[in-house]
Amino acid sequence: MQADLSPVIAATAQWLTRAFPATGGALASALCEVQARQAATVAAWLRYPTPMDAALLGLAGPGGSARLDWITGADAAPDDDEDAHAWRTWVDEVVASWAAGLLSDPDLAARAVAALAEGGHGTGSPAEFRRLVAPDAGDRGAAALLRHPDLLAPVAELHRPQLLDRLGPGHTLTA
């Protein structure tokens, strides 16, 4: 199932790192990208917990980044080359919103990773998502913008109720 969601995870992580870029050099960019990818992975696995969900996503498509770009002020200029931004069509707004929520709230991130493990995602261990759940000072410094609650709030609040519902008691993920 991971392969089915990999374009959405990659595009959503890329959108997050472009909207909230790393502060620093190449190492900071790499640390920021890892954190964005971990958050997008957890969010995608929560959003599409079964192979059927992933297959339906493949049929319907993720929706793209247009609304997210508008909210964050990252709209493409009219003369931008559309082919250079084709990856944006693979961004999933809900996954981006949930990932933003996870990045800005470590307790919520820990609950989400725990829900993955309970739901049958054997790979959803806290160790695999350490940079998301327990970032060290280097991780936090590299992703200062990516983890800033005030900056992420407009994106995180878009679909926060659905995320909280998904993580609420009595809701079981099936995979």
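Just so we're clear, the structure is a prediction, and the values are computed from it rather than from any experiment.

Reading guide: rules and limits
- Residues numbered from 1 in each chain as written.
- Predicted model: local features only at pLDDT ≥ 70, side-chain atom pairs only at ≥ 80, totals over all residues.
- Heavy atoms only, no water.
- Phe/Tyr/Trp six-rings, centres within 6.5 Å; stacked < 30°, edge-to-face > 60°.
- Buried < 20%, exposed > 50% of the residue type's maximum accessible area, 1.4 Å probe, protein only.
- Helix = DSSP H or I, 4+ residues; strand = E, 2+ residues; numbered from the N terminus.
- Core = buried A, V, L, I, M, F, W, Y, C linked by side-chain atoms within 4.5 Å.
- Contact = heavy atoms within 4.5 Å.
- Salt bridge = Lys/Arg side-chain N within 4 Å of Asp/Glu carboxyl O.

## Considering the packing of aromatic side chains
Per the stated rule, a full pass over the model turns up two aromatic pairs. Aromatic side chains Trp15 and Phe20 sit 6.2 Å apart centroid to centroid with 85° between the ring planes, which places their arrangement in the edge-to-face category. What makes Trp15 buried here is its relative accessible area of 1%. In this structure Phe20 comes out as buried when scored by relative accessible area, which is 6%. Here the aromatic rings of Trp45 and Phe129 are separated by 6.0 Å at their centres, their planes lie at 85°, and the arrangement is edge-to-face. Of the two residues, Trp45 sits in helix α2 (residues 26-47) while Phe129 sits in the loop between α6 (106-118) and α7 (130-133), which places them 84 residues apart along the sequence. With a relative accessible area of 3%, Trp45 lands in the buried category. Classification of Phe129 by relative accessible area gives buried; the value is 2%.

## Points about the nonpolar core
Leu5, Trp15, Val42, Leu46, Leu102, Leu132 and Leu146 are the most contacted members of the largest nonpolar core, which totals 46 residues. If you list the elements that add at least two residues to this core, you get α1 (2-19), α2, α3 (51-60), α5 (93-104), α6, α9 (149-156) and α10 (160-167). Tallying contributions element by element places α2 first for this core, with nine residues. Non-local contacts of Leu146, meaning those with residues more than four positions away in its chain, are made with Leu16, Phe20, Cys32, Gln35, Ala36, Leu103 and Leu152.

## Thoughts on the pattern of salt bridges
According to the stated counting rule, one finds six salt bridges in the structure shown. A salt bridge links Arg88 to Asp69; the shortest N-O distance between them is 2.9 Å. With Arg88 in the loop between α4 (66-72) and α5 and Asp69 in helix α4, this pair connects stretches of sequence that are 19 residues apart. The exposure class of Arg88 is buried, given its relative accessible area of 15%. For the salt bridge of Arg131 with Asp139, the shortest nitrogen-to-oxygen distance reads 2.5 Å. For Arg131, a relative accessible area of 25% corresponds to the partly exposed category.

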